[in-house]
Amino acid sequence: MKKYTSILCILLLLCSAILSYAEGLEEKVSYSLNSYRDNNEGFIITNKLGIVKAIKERFAFSANGGVDSISAASPEAKSDNAESEDYRSDRYYASLSGIYDDRENNFSLGGYMSDENDYSGRSLFMNYGRQLNNQNTSLGMAFSRTQDKWKKIKNYTLPRDDRTGWQGDLSISQFLSPTAQIQLGYSHIVSRGLLESPYRFIELTPTTIIREALPYSKKGQAYSVRMVKELNSATSLNLSYRYYIDDWETTSHTINTEVYRDLKDNYTLGARLRLYSQSDTKYTQDISTYDGTEKYRPIDYKYSAFDSYMLGFNLIYKIETEKMKSYVIKGSLDYYRTSDNDFIEYWYGSKHLDAVIFSCSIDYLY
Amino acid sequence: MINRLLIILLLSLMMTACSSGLEIVKPYEKEAFSKDKMLFNPMPFKMEYEEHILSIREASQGGGVSFQGGCGCK
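Residues numbered from 1 in each chain as written. Chains lettered and ligands numbered in written order. Predicted model: local features only at pLDDT ≥ 70, side-chain atom pairs only at ≥ 80, totals over all residues. Heavy atoms only, no water.

Trainee: I tried to follow the overall build of chain B on my own but got confused; where do I start?
Mentor: The secondary structure content of chain B amounts to two helices and zero strands. Counting all 74 residues of chain B, 50% fall into the buried class. With an accessible surface of roughly 3600 Å², chain B has 67% of that area assigned to carbon and sulfur atoms. (Helix = DSSP H or I, 4+ residues; strand = E, 2+ residues; numbered from the N terminus. Buried < 20%, exposed > 50% of the residue type's maximum accessible area, 1.4 Å probe, protein only. Areas by Shrake-Rupley, 256 points an atom, 1.4 Å probe, with all protein chains shown as cover.)

Trainee: Where do I start with the overall build of chain A in this structure?
Mentor: In terms of helices and strands, chain A carries two helices and 18 strands. Residues classed as buried in chain A amount to 49% of the 366 residues present. Partitioning the contacts of chain A with sequence separation of at least 6, the portion at a separation of at least 24 is 56%. Accessible area for chain A stands at about 17600 Å²; split by element, carbon and sulfur atoms hold 57% of it. (Contact = heavy atoms within 4.5 Å.)

Trainee: What's the story with the nonpolar core in this structure? I'm lost.
Mentor: In summary, soluble globular proteins display a tendency toward joint burial of nonpolar side chains. In this structure, A:Y36 and A:I44 are the most contacted members of the largest nonpolar core, which totals 22 residues. Elements that contribute at least two residues to this core include exactly β16 (306-320), α2 (342-348) and β18 (354-365) of chain A together with α2 (44-57) of chain B. Among the elements that make up this core, the one with the highest residue count is α2(B) (four residues). Residue contacts for A:Y36: discarding those within four places in its chain leaves A:G42, A:F43, A:I44, A:L353, A:A355, A:V356, A:I357, B:Y49, B:I53 and B:R57. (Core = buried A, V, L, I, M, F, W, Y, C linked by side-chain atoms within 4.5 Å.)

Trainee: I tried to follow the pattern of salt bridges on my own but got confused; where do I start?
Mentor: Scanning the model with the defined rule gives 20 salt bridges over all chains in all. A salt bridge links A:K218 to A:D246; the nearest nitrogen and oxygen atoms lie 3.7 Å apart. Of this pair, A:K218 sits in strand β12 (residues 217-232) while A:D246 is found in strand β13 (residues 235-246), placing the two residues 28 residues apart along the sequence. In terms of burial, A:K218 and A:D246 fall into one category: buried. Among the salt bridges present, the one from B:E58 reaches A:R274, with a minimum N-O distance of 3.0 Å. (Salt bridge = Lys/Arg side-chain N within 4 Å of Asp/Glu carboxyl O.)

Trainee: Looking at this structure, how should I read the pairing of β18(A)?
Mentor: Strand residues, when the strand is regular, have side chains that alternate between the two faces of the sheet. Residue and element names in this part refer to chain A. Sheet topology note: the strand β1 (residues 28-38)/β18 ladder contains eleven bridges and is antiparallel. Considered in β18, the bridge of K28 is made with L365. Bridge count between strand β17 (residues 326-338) and β18: twelve bridges; the pairing is antiparallel. Along β18, the bridge assignment pairs Y327 with Y364. (Pairing = 2+ DSSP bridges.)

Trainee: For this particular structure, what's the right way to read the pairing of strand β6 (residues 119-132) of chain A?
Mentor: Residue and element names in this part refer to chain A. Bridge analysis of strand β5 (residues 105-116) against β6 gives twelve bridges, and the strand direction is antiparallel. Each bridged residue has a counterpart across the sheet, and for N106 the counterpart in β6 is G129. Turn length for the β5-β6 hairpin, with the two strands adjacent in sequence and antiparallel, is two residues. Counted between consecutive antiparallel strands, the loop separating β6 from strand β7 (residues 137-150) contains four residues, among which N133 sits at a positive phi close to 50°.

Trainee: What am I meant to see in the interface of chain B and chain A here?
Mentor: On the side of chain A, 99 residues touch chain B, which itself brings 52 residues to the contact. In this assembly, chain B packs against chain A so that about 6300 Å² is buried in total across both faces, 59% of it on carbon and sulfur atoms. The interface formed by chain B and chain A holds eight salt bridges in total. The tally of links between chain B and chain A comes to 29 residue pairs in polar contact (both at pLDDT 80 or more). Listed by contribution, the elements that provide at least two residues to the side of chain B that touches chain A are α1 (2-19) and α2 of chain B. Here the side of chain B that touches chain A takes twelve residues from α2(B), the largest share from any one element. Split by residue class, the side of chain B that touches chain A holds 25 nonpolar, 14 polar and 13 charged. (Buried area = accessible area lost by both parts, 1.4 Å probe. Polar contact = N/O pair within 3.5 Å; in protein donor to acceptor, adjacent residues only side chain to side chain. Nonpolar A, V, L, I, M, F, W, Y, C, P; charged D, E, K, R; others polar.)

Trainee: Even after reading the chapter, I still don't get the environment of A:E57, so can you show me in this structure?
Mentor: Residues and elements named next belong to chain A. When you line up the elements, E57 lands in the loop between β2 (43-54) and β3 (59-72). Judged by relative accessible area, E57 falls into the exposed class, the value being 66%. Along the chain, E57 and E116 lie 59 residues apart, while their C-alpha atoms are 38 Å from each other.

Trainee: What's the story with empty space enclosed by the protein in this structure? I'm lost.
Mentor: One simple way to see leftover space: roll a probe sized like a water molecule over the atoms. Tallying each qualifying case throughout the model produces one cavity of 30 Å³ or more. In this structure, the largest cavity occupies an estimated 50 Å³ of space. Elements that contribute at least two residues to the lining of the largest cavity include exactly β17 and β18 of chain A together with α2 of chain B. (1 Å grid on protein atoms, 1.4 Å probe; cavity = no way out; pocket = protein on both sides within 12 Å on 5 of 7 lines; lining within 4 Å. Points joined across faces, edges and corners; volume = space filled by probe spheres on them.)

Trainee: Teacher, can you tell me more about the packing of aromatic side chains here?
Mentor: Pairs of aromatic rings are described using the distance from one ring centre to the other and the angle between the two planes. Residue and element names in this part refer to chain A. Enumeration over the complete set of coordinates arrives at 15 aromatic pairs over all chains. Three or more aromatic residues joined by ring pairs form one cluster here, namely W248, Y283, Y296 and Y303. In this structure, R211 is placed above the aromatic ring of Y156, and the distance from its NZ or CZ to the ring centre is 4.0 Å. (Phe/Tyr/Trp six-rings, centres within 6.5 Å; stacked < 30°, edge-to-face > 60°. Lys NZ or Arg CZ within 6 Å of the ring centre and 35° of its normal.)

Below, the structure is given as structure tokens:
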């Protein structure tokens, strides 16, 4: 709690100090509150504060910081050997990036760090965007490199403590007409190190457990297409599709549909439906067949085949004030549900996962 | 891997070249895109959080719009 207060205080001081001397570009201060709660006592609440501030006509910087409070039913509670307290952790994170934007080119370079009870994260990221064809086509490139570390876990000696990775993204966006735009994207993701969760295990007997074991390397690719289309002056349609494949032989399909409608000049209401389907990995077996002799042993349900859907509502509300200053308030509520799954049932005791995700943000544009 | 990247890069370049043959939308015709509902990502904070949560719950990654920092939950 002390750390959390300190981070927010530092960011607020930083915001107020910088507000006094900068100019140009779109500048804003943002606050967002997000929460996730599921039917298995999983609860995550996130507070995040951010600022984008111009330093000169084409240069700006962005600073963000926040905290995730995470609680869950204790994984160790499944074992007679362990304590049955609930799992609780706070995750603190901050990022700082420099931005260059001359309307034809934009470039940003930044760093990120996070810290929680059992894990620390360090990342570098950069983005480059280029406008072409009279600003009808834009190319985007992004790269990030992570260098994370596991800390000590109670009652367990980790086989290794590193988790590193990099991700490269390419995208191309094209205006098709005054009311339609399309975007194609490609991501290449490489993860290395301790990729399994040290908290996942199977109880073979009341005194014997076998832990999750995964390969120390994973490479995945995602191909995506997005389209936004104005159906009439008050209504828009936002569609996206993603195909994912990795070298553990997981494949997935994701479809997201959103419809937005202006209710008044400053109110917009949106409805969304997301459908997701994935296969299992080549290492995944029926959970009842694991006996400890397997080289690799995925236990988290996310390595098994399942489907999920998400239904939700979005609200955008704008308050214009004098001198071009304005507030933008955005809120959403979504319901998430997976299909029935043996791994979920083994771990959580219910056949599927139900969750409610709430999000709210306030942008102050000055 | 390099081959795949080259193919993507070539496709992007081809699309960029072909796109010059498409109807050019003039700046004054882009008024509709000034509204949040016409963005590819009208709810950026929500999407960032949702991508983080879903990267814990689902095996898929990428294809998104925001940088995701490291987290032990994943």
